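Notes for the structure review
The primary structure of each chain is shown beneath.
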Amino acid sequence: MKRIQNKIALSRLSLPTTAFLALLVWIAGGVIEQKLWLQLACFVLSSYIMVELNTTFVLLRTYSRMVSCVFIVLSCCASFLFNNSYSSVATLCFVASLMPLFKSYQDKESVGWTFYAFIPLGAASLLWAQMLFLVPIAWVLMATCLRSFSLRTLMASVLGILTPYWFALVYFVYTKDYNTPLEHFRQLADFGPMTACSTADEYFSRFSLLGFERLLCLAFAVILFVTGFVHFFRNRFQDKLNTRMYYDIFITYGFLLLTGIILQPQHFDMLFHLLIVCTSPLAAHYITHTKTYITNISFIVMCVAALAIIVLNIII
């Protein structure tokens, strides 16, 4: 028996309908008035790459565009990020790094794909230095999940990270500006409230500065992430081995990004945008591969909650 969630998940109209509604949300969010063309372009490209990730690596066992649909919906929920060009570019770079990274699955000689996977991370770290913290995590995932870690791929990843810096170095040497690069890397040692707060109450009070709309979106994303994680953990035996490894990467990144939000709330906007990428496949897996009465009700609740959050954040 196909329920509402299954009909929507398997429909070929789901993605174009979601994309059209997202365009309306962006217009309501001020894309024209504030000229947020760069952010919109990054959003469109990120959504397209999510489609390609789902198609190329068969993240879902049946035809469905739910991965990209969930990504689009969650991005629209966080309309307060529309004007943040840094987080938009960082998200695009993060998504772009996943495609070649997954291509290196079980190939310790895949220096080309590894090189291409780490170039976007290096480019994103030019805007946000903390992006470099994802590099050792990627190495661990290459060794444990992708089985592609070797001395050659390690060197390829280092070269990929350094490539954007080589171009930036030429500019700074030409302008004789050496303080900007030093200040950029000093940000890696800035742990914000972790070192500035003397008590736990004082530390968690920092979250009140995030605002209601951010905490609401975080709660919604965490619910979707945990729901998808529990569902996948219980049913992972139904997926192929390589698919399980891809989802393990999303799960690992997701938990670490959540930890980063808890420990470094001052970087909420950047981390939350990346968390959306990791949450989308898990939530899509739950929506597409469940068909009980309870899960159908939960899907309807998710849709209503997402719509309410989108409208509320646009009004605010």
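Criteria and thresholds
- Residues numbered from 1 in each chain as written.
- Predicted model: local features only at pLDDT ≥ 70, side-chain atom pairs only at ≥ 80, totals over all residues.
- Heavy atoms only, no water.
- Helix = DSSP H or I, 4+ residues; strand = E, 2+ residues; numbered from the N terminus.
- Rg over C-alpha atoms; globule rule 2.2 N^0.38 Å.
- Buried < 20%, exposed > 50% of the residue type's maximum accessible area, 1.4 Å probe, protein only.
- Contact = heavy atoms within 4.5 Å.
- Areas by Shrake-Rupley, 256 points an atom, 1.4 Å probe, with all protein chains shown as cover.
- Lys, Arg positive; Asp, Glu negative; His and termini not counted.
- Charge placed at Lys NZ, Arg CZ, Asp CG, Glu CD.
- Patch = residues over 30% accessible without salt bridge, like charges linked within 9 Å, V, L, I, M, F, W, Y side chains within 5 Å.
- Salt bridge = Lys/Arg side-chain N within 4 Å of Asp/Glu carboxyl O.

Focus on the overall build of the chain
Check the secondary structure of the chain and you find 15 helices and 0 strands. Over its C-alpha trace the chain gives a radius of gyration of 20 Å, about what one expects of a compact globule, namely 20 Å for 316 residues. For the chain, the spread of C-alpha atoms along the three principal axes comes to 65 × 50 × 45 Å. The buried share of the chain, taken over its 316 residues, is 53%. In the chain, the proportion of contacts linking residues at least 24 apart, taken out of those at least 6 apart, comes to 78%. With the model as given, the accessible surface of the chain reaches about 15300 Å², and the carbon-plus-sulfur share is 70%. Computed over 20 positive and 13 negative side-chain charges, the separation of the two mean positions in the chain equals 15 Å.

Observations concerning the side chain of His231
Along the chain, the position of His231 falls in helix α12 (residues 212-235). Note on His231: relative accessible area 9%, which makes it buried. Other than its neighbours up to four places away in sequence, His231 contacts His285, Tyr286, His289 and Thr290.

Quick word on a nonpolar patch on the surface
Where nonpolar side chains cluster on the molecular surface, the patch consists of Ile4, Ile8, Tyr293, Ile294, Ile297, Ile300, Val301 and Val304 and spans about 730 Å² of accessible area. Looking at the nonpolar patch, the elements that each hand over two or more residues are α1 (4-10) and α15 (293-315). Sorting elements by how many residues they give to the nonpolar patch places α15 first, with 6 residues. Checked against the element boundaries, Ile8 lands in helix α1.

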